[in-house]
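The chain contents come next:
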Amino acid sequence: MAAAAGAASSGAAAAFAVRDLRAYLRGAWRCERALKDAGVAARFSGVARFSEGAVEGGGGAALPPLAYREEGTLTLEAGGASPATRAYEYTFPRSAAAAEVLFDDGRHFHPLDLTQGAWSATHLCGDDVYEGEWVAVGRDEWTMTWRVKGPRKDQVLRTTFFRGS
């Protein structure tokens, strides 16, 4: 459940306003993610694709949704690497300017609106609180940061997306 959402204040002045989020996201993006969880560090490197259609479980949008599929390698700082994937569905119930992001099973995750170039949202998951922030840096780059706090979580995940794979 998303508890709160709105235009992000940090970095918003330098952000790139995205009028058509659906068109902006569509296509392939190289993604680089740094993860820290209570002293454990890792890096993810891969490709994220926003493609026409739906992932299993979603639907019901005014415009066709974009299926998000991320594939790459997660490498632990202490050693070891493994393949990693992630999938979401971006729906556009009111217009192409803003999305509702769903988990791959159709549950709501968070809204996303980059018309001012930056956005923040909070997602509650049991006892865990996910604080997300997005910034459109330019036509071909955007960032996403999640800070996760909970009884067994103390994570920061920072991802930079670069257009093209």
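This is a predicted model, so every value here is computed, not measured. (Residues numbered from 1 in each chain as written. Predicted model: local features only at pLDDT ≥ 70, side-chain atom pairs only at ≥ 80, totals over all residues. Heavy atoms only, no water.)

Moving on, we get to the overall build of the protein chain. What the protein chain contains, in helices and strands, is one helix and 11 strands. Ordered by position from the N terminus, the helices and strands of the protein chain form the series β-α-β-β-β-β-β-β-β-β-β-β. Burial analysis of the protein chain (165 residues in total) assigns 40% to the buried set. Considering only intrachain contacts with a sequence separation of at least 6, the fraction spanning at least 24 residues in the protein chain is 48%. Split by element, the accessible area of the protein chain, about 8,400 Å² in all, is 52% carbon and sulfur. (Helix = DSSP H or I, 4+ residues; strand = E, 2+ residues; numbered from the N terminus. Buried < 20%, exposed > 50% of the residue type's maximum accessible area, 1.4 Å probe, protein only. Contact = heavy atoms within 4.5 Å. Areas by Shrake-Rupley, 256 points an atom, 1.4 Å probe, with all protein chains shown as cover.)

Turning our eyes to something else, we now look at the confidence of the model for the protein chain. Here the protein chain averages 90 in pLDDT, while 87% of its residues score no lower than 70. Here strand β1 (residues 2-6) is the element of the protein chain with the lowest mean pLDDT, 60, and helix α1 (residues 21-25) is the one with the highest, 98. Taken together, the stretch residues 55-59 has pLDDT below 50 and engages in 15 contacts with residues farther than four places along the chain or on a different chain. (pLDDT = per-residue confidence, 0-100.)

Attention now moves to the nonpolar core. In terms of nonpolar packing, the biggest core is built from 31 residues, with L21, Y90, W134 and W142 touching the most fellow members. The biggest single contributor to this core is strand β10 (residues 141-150), with four residues. Not counting chain neighbours up to four residues away, the residues in contact with W142 comprise Y24, L25, W29, F50, W134, V135, A136, V137, T159, T160 and F161. (Core = buried A, V, L, I, M, F, W, Y, C linked by side-chain atoms within 4.5 Å.)

A cluster of basic residues, K36, R43, R147 and R158, forms a positive patch at the surface. Considering the arrangement of structural elements, one finds R147 in strand β10. The partly exposed category is assigned to R147, whose relative accessible area is 37%. (Patch = residues over 30% accessible without salt bridge, like charges linked within 9 Å, V, L, I, M, F, W, Y side chains within 5 Å. Salt bridge = Lys/Arg side-chain N within 4 Å of Asp/Glu carboxyl O. Lys, Arg positive; Asp, Glu negative; His and termini not counted. Charge placed at Lys NZ, Arg CZ, Asp CG, Glu CD.)

Our next topic: the pattern of salt bridges. Counting across every chain of the model gives 10 salt bridges. Of the charged contacts, one joins E71 and R69 as a salt bridge, the two residues approaching to 3.5 Å between their closest N and O atoms. Accessibility expressed as a relative area gives 40% for E71, which makes it partly exposed. Measuring nitrogen to oxygen at the nearest pair gives 2.9 Å for the salt bridge that ties D140 to R163. Here the residue D140 occupies a position in the loop between β9 (128-138) and β10, and R163 occupies one in strand β11 (residues 153-163), the gap between them amounting to 23 residues. In this structure D140 comes out as partly exposed when scored by relative accessible area, which is 46%. Each of R22, R26 and E52 takes part in salt bridges that share partners, so that together they form one network.

Let us now look at the packing of aromatic side chains. Tallied over the full model, the rule gives 15 aromatic pairs. With centroids separated by 5.0 Å and ring planes inclined at 80°, the aromatic side chains of F50 and Y90 adopt a geometry described as edge-to-face. Here Y90 lies in strand β5 (residues 81-92) and F50 lies in strand β3 (residues 40-52), a separation of 40 residues in the sequence. The aromatic ring of Y24 is capped on one face by R163, whose charged end is 5.6 Å from the ring centroid. (Phe/Tyr/Trp six-rings, centres within 6.5 Å; stacked < 30°, edge-to-face > 60°. Lys NZ or Arg CZ within 6 Å of the ring centre and 35° of its normal.)

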